[in-house]
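Here are the chains, one letter per residue:
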Amino acid sequence: MMGPMSRATLAKDPREVAGMFDAVARRYDLTNDVMSLWQVRMWRRVTRTAVGARPGTRVLDLAAGTGTSSVEYAADGARVVACDFSTGMVAEGKARHPEIEFVAGDAMALPFADASFDVVTISYGLRNVQDTVKALSEMRRVTRPGGRVVIAEFSQPVWRPFRELYRFYLGTALPAAGRLVSSNTEAYSYLGESIVDWADQERLAALMQEAGWRGVGYKNLSGGIVAVHRATRPAEQ
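Residues numbered from 1 in each chain as written. Predicted model: local features only at pLDDT ≥ 70, side-chain atom pairs only at ≥ 80, totals over all residues. Heavy atoms only, no water.

- An unreviewed UniProt entry lists the chain under the name Demethylmenaquinone methyltransferase, with Actinomyces radicidentis given as the organism.
- Regarding the chain, the UniProt comment filed under Sequence similarities (unreviewed entry) reads as follows: "Belongs to the class I-like SAM-binding methyltransferase superfamily. MenG/UbiE family."
- Database annotation for the chain, UniProt heading Catalytic activity (unreviewed entry): "a 2-demethylmenaquinol + S-adenosyl-L-methionine = a menaquinol + S-adenosyl-L-homocysteine + H(+)". (UniProt positions renumbered as here; feature names shortened; annotations may be inferred.)

This is the structure:
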C-alpha cells in the first residue's frame with residue numbers, strides 16, 4: 001500500500017499509478033476544480049456533447065474516478081459502466097453514486113466482451129496508462145463496429161507564448177494548488193509532469209489511427225490545454 005505522500009513516476013507502473021489515485025480519491029473532484037480554475041466543468045460539458053448519450057446507449061466511462069461524468073451520461077439515458085483501475089476511486093464512486101455500475105479494471109486489459117459498448121470514453125486518464133496503443137486497441141475491441149470513442153485529455157496549447165506560461169503553471173502553481181486541497185502534493189507534481197510529457201494533439205491522433213480507429217478528429221479547448229478527440233471503429237469487412 002502506498003503512503004499518503006507517494007507518487008507515481010513517468011514510467012507509469014500500473015500499481016504505482018493506481019496507488020497514487022487511491023490516496024487522493026476523497027478530494028479528487030475538488031482538486032480538479034481548483035487546479036483547472038474551474039475550466040474542467042466546461043471541458044466536461046463539451047465531452048458530454050461529443051459522447052452524445054441517448055436513452056439505451058451503452059457507454060463505457062474509463063478512468064471514471066468517482067463517477068462525476070458517469071452520472072451525467074446516465075442522466076442522458078445511457079446504460080453506463082464506470083471503470084477505473086484505482087480501487088480507491090471505485091469505492092468512493094460506489095459510495096457517492098450507488099445507482100451507477102462501477103467496475104475495477106485496467107485499460108490495457110478491459111474486463112468486457114468484444115463489441116459490448118456503443119461509445120467508449122476516457123477523460124484525463126489515457127496519459128496515465130503505460131501502453132497507450134494497447135489501451136486504445138482494447139477500447140476499440142470492446143466498442144461495436146460503427147461505435148465511437150471520445151477522449152478528453154490534456155494537450156499542448158497552440159500559441160507558443162501561452163504554452164510557455166502554461167508549462168510554468170504546471171511546474172509551480174499546480175503543485176501549490178494541490179497543497180491547498182490535498183495532502184498528497186507529490187501526486188499533483190506527477191500530474192503536471194505527466195501533462196508536459198504527454199503527446200500533443202497530432203501525435204495522439206496518429207496513435208489512435210495506429211490502434212485501428214478511423215475518422216479521427218479533435219477539438220481544442222482553452223487554447224489547446226485540453227483536446228477532445230473523436231473516432232469511429234470501422235465496420236467489419
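The discussion continues.
### Things to note about the pattern of salt bridges
Thought 1: A complete count under the given rule lists eight salt bridges for this structure.
Thought 2: Here Arg 127 ties to Glu 153 by a salt bridge, and the two come within 2.8 Å at their closest N and O atoms. Of this pair, Arg 127 sits in the loop between strand 4 (117–123) and helix 6 (132–141) while Glu 153 sits in strand 5 (residues 143–154); the two residues are 26 residues apart in sequence, bridging distant segments of the chain.
Thought 3: For Glu 153, a relative accessible area of 2% corresponds to the buried category. (Salt bridge = Lys/Arg side-chain N within 4 Å of Asp/Glu carboxyl O. Helix = DSSP H or I, 4+ residues; strand = E, 2+ residues; numbered from the N terminus. Buried < 20%, exposed > 50% of the residue type's maximum accessible area, 1.4 Å probe, protein only.)

### Some remarks on the packing of helix 6 against helix 9 (residues 201–210)
To describe two helices that pack against each other, one gives the angle between their axes and the distance between the axes.
Thought 1: At a minimum axis separation of 9 Å, helix 6 and helix 9 run at an interaxial angle of 55°. Overall, the two elements helix 6 and helix 9 adopt an arrangement that is oblique. Remark: the crossing between helix 6 and helix 9 carries right-handed chirality. Contact residues: Thr 132, Val 133 and Leu 136 in helix 6; Leu 207, Met 208 and Glu 210 in helix 9.
Thought 2: Partitioning the contact of helix 6 with helix 9 into residue classes produces four nonpolar, one polar and one charged. (Axes fitted to C-alpha atoms, helices over the stretch in contact; angles between N-to-C directions. Parallel < 35°, antiparallel > 145°, perpendicular 65-115°, else oblique. Left-handed = near helix turned anticlockwise from the far one by under 90°. Contact = heavy atoms within 4.5 Å. Nonpolar A, V, L, I, M, F, W, Y, C, P; charged D, E, K, R; others polar.)

### Quick look at the packing of aromatic side chains
Thought 1: The full count for this structure, using the stated rule, is four aromatic pairs.
Thought 2: Relative to Tyr 124, the ring of Trp 43 lies with its centre 6.2 Å away and its plane at 45°, an arrangement referred to as tilted. With Trp 43 in helix 3 (residues 40–51) and Tyr 124 in the loop between strand 4 and helix 6, this pair connects stretches of sequence that are 81 residues apart.
Thought 3: Judged by its relative accessible area of 3%, Trp 43 is buried.
Thought 4: An angle of 90° between the planes, with centres 5.3 Å apart, marks the rings of Phe 112 and Phe 117 as edge-to-face. Like Phe 117, Phe 112 is buried. (Phe/Tyr/Trp six-rings, centres within 6.5 Å; stacked < 30°, edge-to-face > 60°.)

### So, helix 9
Owing to its 3.6 residues per turn, the α-helix aligns residues three or four sequence positions apart on the same side.
Thought 1: By the burial criterion, the buried members of helix 9 are Gln 201, Leu 204, Ala 205, Leu 207 and Met 208. In a view along the axis of helix 9, the buried residues occupy a sector of 160°, so they form one face of it. Helix 9 presents Glu 202 and Glu 210 as exposed residues on the side facing more than 90 degrees away from its buried surface.
Thought 2: Buried residues along helix 9 sit in contact with helix 6, strand 5, strand 6 (214–221) and strand 7 (226–232).
Thought 3: One or two steps after helix 9, the chain reaches Gly 212, where phi turns positive at roughly 100°. (Arc of directions from axis to C-beta.)

### Quick look at the UniProt feature "binding site: S-adenosyl-L-methionine" (unreviewed entry) in the chain
Thought 1: Mapped onto this structure's residue numbering, the UniProt feature "binding site: S-adenosyl-L-methionine" (unreviewed entry) falls at Thr 66, Asp 84, Asp 106, Ala 107 and Ser 123.
Thought 2: Here Ala 107 lies in the loop between strand 3 (101–104) and strand 4.
Thought 3: Look past the residues within four positions of Ala 107 in its chain and what remains in contact with it is Val 129, Ala 135 and Glu 138.
Thought 4: Looking at the secondary structure, you find Ser 123 in strand 4.

### Some details on the packing of helix 3 against helix 4 (residues 68–75)
Thought 1: Where helix 3 contacts helix 4, the axes come no closer than 11 Å and their chain directions differ by 45°. Judged by the inter-axis angle, helix 3 sits oblique to helix 4. Helix 3 and helix 4 meet at a crossing whose hand is right-handed. Packed against helix 3, whose contacting residues are Arg 44, Thr 47, Arg 48 and Val 51, the element helix 4 presents Thr 68, Ser 69, Glu 72, Tyr 73 and Ala 75 at the interface.
Thought 2: For the contact of helix 3 with helix 4, the per-class residue count stands at three nonpolar, three polar and three charged.

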